Amino acid sequence: MSFNPLVPREIDLPRPWAPGAPLADLDDGKILSAPSDRAQWHAFRARITDWRADARKRLGYDDAFYQRPGSAWAATCFTVAQVWLWDELLYDFDAGSFTPEKLVADFQRFGGLDAVVLWHAYPVIGIDDRNQWDWYRDVPGIVELVAELHRLGLRVFVDYNPWDTGTRRSGEDRAELAALVAHLDADGIFLDTLREADPALVDTLQQAKPGVVLEGESKLALERIADHHLSWAQWFADSPVPGVLKARWFERRHMQHHVRRWHRDHSGELISAWLNGAGVMVWENVFSAWVGWNRRDAATLARMVTWQRALADVLVRGEWTPLVDVGEHLVAGEFVLGGTRLLAVANTSGSDHMLAVPGGDGGATSLDLVTGQPARAEVCIPAHSIGGIARVRGDVPPEIAAAAAAVAEHPHDPDAAFPHRDTVRLHGDAFPVGPPASRTGVLVPPGRHPLTVRYRMRETGIYAEAPFVNEWKPLPPRLHDLRTLERVAHLATAVRVSAEITAEEFHSFVHHSGYAPRCTQRFAPVPGTGPATGMNLSDARAYAAWVGGRLPTEDEWQLAADLPGWSRARPEVWNWTESEHSDGRSRFVILKGGSAHAAQGSDWYVEPGPQSPDFSFKFLLPGFGLARSPRIGFRVAWDEVAPT
């Protein structure tokens, strides 16, 4: 490996400045690096001010997009959450219904949300021929879900996967995306792996819904800030003294969302966002890998966005002075509009520090931004956190008074411990057990069986682990590399694992048992000679119970596959196993066997082709029957208890 994933890459480092260098040298930066020497701060501010004026002139910058009233909300979209469409905060697997109120209530610990990205296709796309548009359009009630999120005060982004070129082709991406935006009444498009959309796509989307906004990944080219209202500030390494976000400095109405998805300490993102008047992305459930926020950072974000919303006009239109010297260990930025002055202060050290309250305006009200109380001689800025002073001349506006009261609900919490979650193995509903059936198949003996399991890391891991703890950017091939897991299977009794259940056998079961699933979406069993497919986990469990058995676990499946007599039906399909897991936020099942289907063209797809018995695929369970696939079948297992 030629890079250290725990160290930022060269392109992610802040852009240094030099007084005599050409101004255009700053064009390519992500963060404009702040000088460590406080004596240079004044010169730094002058330099970046000159650069901004020069860059706008060179580009012939036109802010027409930002003047459109339909998209003005993006400039104050301070918090956005990446949410898997089937996150258990948003979808109730038992009731089979969306629960947006539950999602919104949980995110109150962050001060609430301004927007949500409904992530939908990766990492399940490629399991069959469904394309990224199918994974949205086939969801019953998704239009109503978006409408309800709107009613609850959230803007909604859909996700665009530009790499999806190897699934079912329908129309051109720009037409499909525009149609989806119009159908769902989406407010924005999350561009996933794209930094920017091409101008033709921008035009098409604006025609579909005037005012729809685009959010690109990582650094956005200066010339495209004009038609991209937001960008995703991922892997932005800061200078020791927090620097200035280039895009935010260039265009104050351009919103950036800081995120380091694998980090367990988010204080760096919060400090940068606070000093720059920018936003934060919350992403705790990274494709079923739990990377939850600690209590300290969640409380910090809640206080931060409370003030940002109350002072949004000051942050967007006020006079911004970065790198204000307020004393050792502290860094500040100042925003002034009319009679309101915000002194945003950050403490990058490991100890609390006191900030002296500036004097000089006896007719003003000064508020401590940590407590919401009147600021006296000095206020405390907590370690690895943010605070400051809001000073208002005359009557305190109601929105500022409300913010002062609200921050008291999120007092500083020094607990920075990672909030671990346990993943537990679930058991399905009980189904009527049918009469004894013919039990044929491979017999796995009882005892202790060491196993080596291969899997592709992706961003899901395999069971409960977070794959890339505290890493900056796990690059390919590391991002999708093959790994191994050593397991030990303990079988109390011998287990017999059948051949794959055929379509004819499953059709007969439905006919004779009267089985009717709770969710009928995509359920259409037909007789045939090939393997039974189009069944979700509950359907397969119901059949297994009807023949007096159950599904094999992933370990039993692998052990049986290595024994004589094992066979695979044609065409090859993945197999369900009895391996449903949940950590309270995401559910998944381990699939075995691989499939004859092979979506080509991207490493983001499900593994193509038949797989060896030791290979496991972590399949994140979608709801509403979307797990029913023409490329997933199943087998039955019986415990062979010796007669006494």
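About the thresholds
Residues numbered from 1 in each chain as written. Predicted model: local features only at pLDDT ≥ 70, side-chain atom pairs only at ≥ 80, totals over all residues. Heavy atoms only, no water. Pairing = 2+ DSSP bridges. Helix = DSSP H or I, 4+ residues; strand = E, 2+ residues; numbered from the N terminus. Axes fitted to C-alpha atoms, helices over the stretch in contact; angles between N-to-C directions. Contact = heavy atoms within 4.5 Å. Domains from an automatic or database assignment. Buried area = accessible area lost by both parts, 1.4 Å probe. Salt bridge = Lys/Arg side-chain N within 4 Å of Asp/Glu carboxyl O. Polar contact = N/O pair within 3.5 Å; in protein donor to acceptor, adjacent residues only side chain to side chain. Nonpolar A, V, L, I, M, F, W, Y, C, P; charged D, E, K, R; others polar. Parallel < 35°, antiparallel > 145°, perpendicular 65-115°, else oblique. Left-handed = near helix turned anticlockwise from the far one by under 90°.

Enquirer: What is the right way to read the sheet that holds strand 19 (residues 364–368) from this model?
Expert: Strand order in the open sheet made by the five strands is 15-16-17-21-19, with antiparallel pairing throughout. Of all strands in the sheet, those bounded by a partner on one side alone are strand 15 (319–324) and strand 19. The mean inter-strand angle of the sheet, taken between neighbouring strand axes irrespective of direction, is 15°. Of the strand pairs in this sheet, strand 17 (residues 340–347) and strand 21 (residues 385–393) are connected by eight bridges, and their pairing is antiparallel. Counterpart to Leu342 in the pairing with strand 21 is Ala390. Sitting on the sheet, helix 9 (residues 295–310) touches strand 19 and strand 21, and the angle it makes with strand 21 is about 25°.

Enquirer: Teacher, can you tell me more about the domain arrangement of the protein chain here?
Expert: Many authors give the size of an interface as the accessible area that is lost as the parts come together. Each assigned domain of the protein chain is listed here: domain 1 (12–293) and domain 2 (424–639). Placing the centre of domain 1 and that of domain 2 at their C-alpha centroids yields a distance of 35 Å. In this complex, domain 1 contributes 49 residues to the contact, which on the side of domain 2 involves 47 residues. Between domain 1 and domain 2 lies a buried interface of about 4,300 Å² when both sides are counted; carbon and sulfur atoms form 57% of it. Applying the counting rule to domain 1 against domain 2 returns five salt bridges. At the boundary of domain 1 with domain 2, the tally comes to 23 residue pairs in polar contact (both at pLDDT 80 or more). Partitioned by chemical class, the residues of the side of domain 1 that touches domain 2 number 25 nonpolar, ten polar and 14 charged.

Enquirer: Just checking my understanding: could you explain the packing of helix 8 (residues 267–276) against helix 9 for this structure?
Expert: Any two packed helices are characterised by how steeply their axes cross, that is the angle between the axes, and by the distance between the axes. Between helix 8 and helix 9, the least distance of the axes is 10 Å, while the angle of their chain directions is 10°. Classed by the angle they form, the pair helix 8 and helix 9 counts as roughly parallel. Seen along the crossing, helix 8 lies across helix 9 with a hand that is left-handed. The segment helix 8 lies against helix 9, with Ser267, Leu270, Ala273 and Trp274 engaging Arg296, Asp297, Thr300, Leu301, Met304, Trp307 and Gln308. Its residues placed into classes, the contact of helix 8 with helix 9 shows six nonpolar, three polar and two charged.

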